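Observations on the model geometry
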Amino acid sequence: MWRLVTSLTALVSSSKSSILNQPASTLKIWKSLTTETPILARHGISTHDCTPFITFVLGGPGSGKGTQCAKIVETFGFKHLSAGDLLRREIACNSKYGSTILNTIKEGRIVPSEVTVKLIQREMESSDNHKFLIDGFPRSEENRIAFERIMGAEPNIVLFFDCPEEEMVKRVLSRNQGRVDDNLDTMKKRLKVFEAWNLPVINYYAEKGKLHKISALGTEDEIFEQVRPLFAACEQINSKTLLFLEGQ
Ligand SMILES: Nc1ncnc2c1ncn2[C@@H]1O[C@H](COP(=O)(O)OP(=O)(O)OP(=O)(O)O)[C@@H](O)[C@H]1O
Ligand SMILES: O=c1ccn([C@@H]2O[C@H](COP(=O)(O)O)[C@@H](O)[C@H]2O)c(=O)[nH]1
Ligand SMILES: [Mg+2]
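Every chain begins its residue count from 1, and numbering advances along the sequence as written. Just so you know, chain letters begin at A and ligand numbers begin at 1, following the order they were written in. In view of the model being predicted, local features appear only for residues whose pLDDT reaches at least 70, and side-chain atom pairs are presented and counted only at 80 or more, with totals across whole chains, interfaces and linings using the full set of residues. Side-chain measures were taken over the full set of non-hydrogen atoms in the model, leaving aside hydrogen atoms and water.

**Thoughts on the site of ligand 1**
One heavy atom within 4 Å of a molecule or strand is enough for the residue carrying it to be called near that molecule or strand. In the vicinity of ligand 1 there are 16 residues, among which Gly-62, Lys-65, Thr-67, Arg-175 and Gly-218 approach most closely. Here an oxygen atom of ligand 1 and a backbone polar atom of Ser-63 are 3.3 Å apart. Within the side chain of Thr-67, one N or O atom sits 2.5 Å away from an oxygen atom of ligand 1. The accessible surface values rely on the Shrake-Rupley method and a 1.4 Å probe; as for residues, cover is taken only from the protein chains in view. Its free accessible area being 630 Å², ligand 1 has 78% of it covered by the protein chains. Lys, Arg, Asp and Glu make up the charged group, whereas Ala, Val, Leu, Ile, Met, Phe, Trp, Tyr, Cys and Pro make up the nonpolar group; the residues left over, Gly among them, are polar. For the shell around ligand 1, a count of residues per class yields two nonpolar, eight polar and six charged. For the purposes of these results, a polar contact is taken to be a pair of N or O atoms within 3.5 Å, where, inside protein, one atom must be able to donate a hydrogen and its partner to accept one; residues adjacent in sequence count only when each atom of the pair is a side-chain atom.

Structural data, given as C-alpha cells:
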C-alpha cells in the first residue's frame, strides 16, 4: 500500500530525450506501508519510502492498449489500471456516478477529470505495486492537469500506440466483449474525441521528450517487441541506481 507524502530530489540526473533518465525529480515520495527499502534508508529516505514508476498508455480506441498492457504486466510485473475499466466498474456497481458515466461512454465523451482521477488515485494508493500502467488516461489536457494537481506526479514515460483509423474501426467492431461503445455510431464519435482532445496530450508529451510512439500494426507479438526494450531499459537503470547507492 502506498501513500503520497513528500517530494524527492533527483536520484539520477535527468535528460529530456532519454528514457533512462526520467524524472525521479518530478515525482513524489510514496510512503510504503508494507515494503522495506533498506538501501534508500541508508541515504536518509525512510525505510518505507519509494517512488512510483508511472507509465501512461495512450492511443486511439481499439489501437491495442489493453492487449499490450497485459503483456507488459506479464513480463515486467506492472499494475495495470485501465481508466475505462475503472469507469465501467462504477457502472456495474451502481455507484452514484454510474448512470452519468454510462451515458458519457455511450456518447464517446470524456468523464469529468475529478471522477476519473479519484478512481485512479484510490487504486494506486491501495496497491502493493509501485509500477503502474495507466491505460487510456489522460484523455485531454484537462485530465492531464487534474492528474498532476491531485496526484502531484507526472508519468515517467508515455506510450502511444499509433494505429490507422480503419484498423481501429475493424478491431473495435469485431471485439465482441459486449461493450456499449463498440458500435459504429459511438466509434465515429470516439475517433473525433480522440483527435480533438487526446492528440494534444500526445503532442505535449512528445515535446517533453517522454513520448514513445509505437506502430500498432502487426501481430500482438510483433508490437510487443517494440515495447519490450523500453521497459528493459528502465529495469536496467533501476538496478544501476541501486548498485550506485549500495556503493555509497
Ligand atoms: N495487433 C493486433 N492485431 C489484431 N487485433 C488486435 C491486435 N491487438 C489487439 N487486437 C484486438 O483488437 C481489439 C482491441 O484491442 P484492445 O482492447 O487491446 O484495444 P484498446 O486500445 O484497449 O481499445 P479501447 O480504447 O477501446 O479500450 C481486441 O479485440 C484485441 O484482441
Ligand atoms: O480517462 C478516461 C477513460 C475512459 N473514458 C470513457 O470510457 C470510454 C472507454 O474507455 P477505454 O479506454 O476505451 O476503455 C471512453 O470512450 C470514454 O467515454 C473517460 O471518459 N475517461
Ligand atoms: Mg482498452
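**As for the site of ligand 2**
In the neighbourhood of ligand 2, 16 residues make up the surrounding shell, with Arg-88, Arg-109, Val-111, Arg-139 and Arg-190 lying closest. Interatomic distance of 2.9 Å between a side-chain N/O atom of Arg-88 and an oxygen atom of ligand 2. Here Arg-190 contributes a side-chain N or O atom positioned 2.7 Å from an oxygen atom of ligand 2. Expressed as a share of its isolated accessible area of 450 Å², the protein-covered part of ligand 2 is 97%. Note on conventions: DSSP H or I runs of at least 4 residues are helices, E runs of at least 2 residues are strands, and numbering of each starts at the N terminus. Those elements that place two or more of their residues in the shell around ligand 2 are α3 (83-92) and α4 (98-106). The element best represented in the shell around ligand 2 is α3, accounting for four residues. Here the shell around ligand 2 is built from residues that sort into six nonpolar, four polar and six charged.

**Section: the pattern of salt bridges**
Salt bridge, as applied in this entry: a Lys or Arg side-chain nitrogen positioned within 4 Å of an Asp or Glu carboxyl oxygen. Here the structure, examined in full by the defined rule, presents 19 salt bridges. The salt bridge involving Glu-141 is made with Arg-144; its shortest N-O contact spans 2.8 Å. Here Glu-141 and its partner Arg-144 are both found in helix α6 (residues 141-151), three residues apart, which amounts to about one turn of the helix. Between buried and exposed lies partly exposed: a residue is buried under 20% and exposed over 50% of the maximum accessible area for its type, with that area taken using a 1.4 Å probe on protein chains only. Since its relative accessible area comes to 6%, Arg-144 is described here as buried. Two residues, Arg-228 and Glu-225, come together in a salt bridge whose shortest N-O distance is 3.0 Å. One end of the pair is Arg-228 and the other is Glu-225, both in helix α9 (residues 220-246) and three residues apart, which spans about a single turn. Taking relative accessible area as the criterion, Arg-228 reaches 33% and is therefore assigned partly exposed.

**Some remarks on the sheet that holds strand β5 (residues 79-82)**
For two strands to be treated as a pair, DSSP must find no fewer than two bridges joining them. One open sheet holds the five strands; their spatial order is β5-β6-β4-β7-β8, and the pairing between them is parallel. The two strands at the open ends of the sheet, each matched to only one other strand, are β5 and β8 (211-215). Adjacent strand axes in the sheet meet at a mean angle of 20°, parallel and antiparallel pairs treated alike. Judged from the four bridges that link them, β5 and strand β6 (residues 131-135) form a sheet pairing that is parallel. Its bridge partner being in β6, His-80 is matched across the sheet by Leu-133. Between two residues, a contact is recorded if the distance between any of their heavy atoms is within 4.5 Å. Think of each axis as a best-fit line through the C-alpha atoms, taken over the contacting stretch in the case of a helix, with angles from 0 to 180 degrees between the N-to-C directions. Those strands touched by α3 are β5 and β6, and its axis lies near 65° from that of β5. Helix-sheet contacts for helix α8 (residues 184-207) involve β4 (53-59), β7 (157-162) and β8, and the interaxial angle to β4 is about 140°.

**Quick look at the confidence of the model for the chain**
When pLDDT is averaged across the chain, the result is 84; 75% of the residues are at 70 or more. pLDDT is defined as a per-residue confidence score from the predictor, taking values between 0 and 100. In this model residues 6-29 is a low-confidence stretch, pLDDT under 50, and it forms 62 contacts with partners more than four residues away in sequence or in other chains. Contacts of residues 43-48 to residues separated by more than four positions or lying in other chains number 17 contacts, the stretch itself having pLDDT below 50. Interface confidence for the predicted complex, expressed as ipTM, amounts to 0.99; the pTM equals 0.85.

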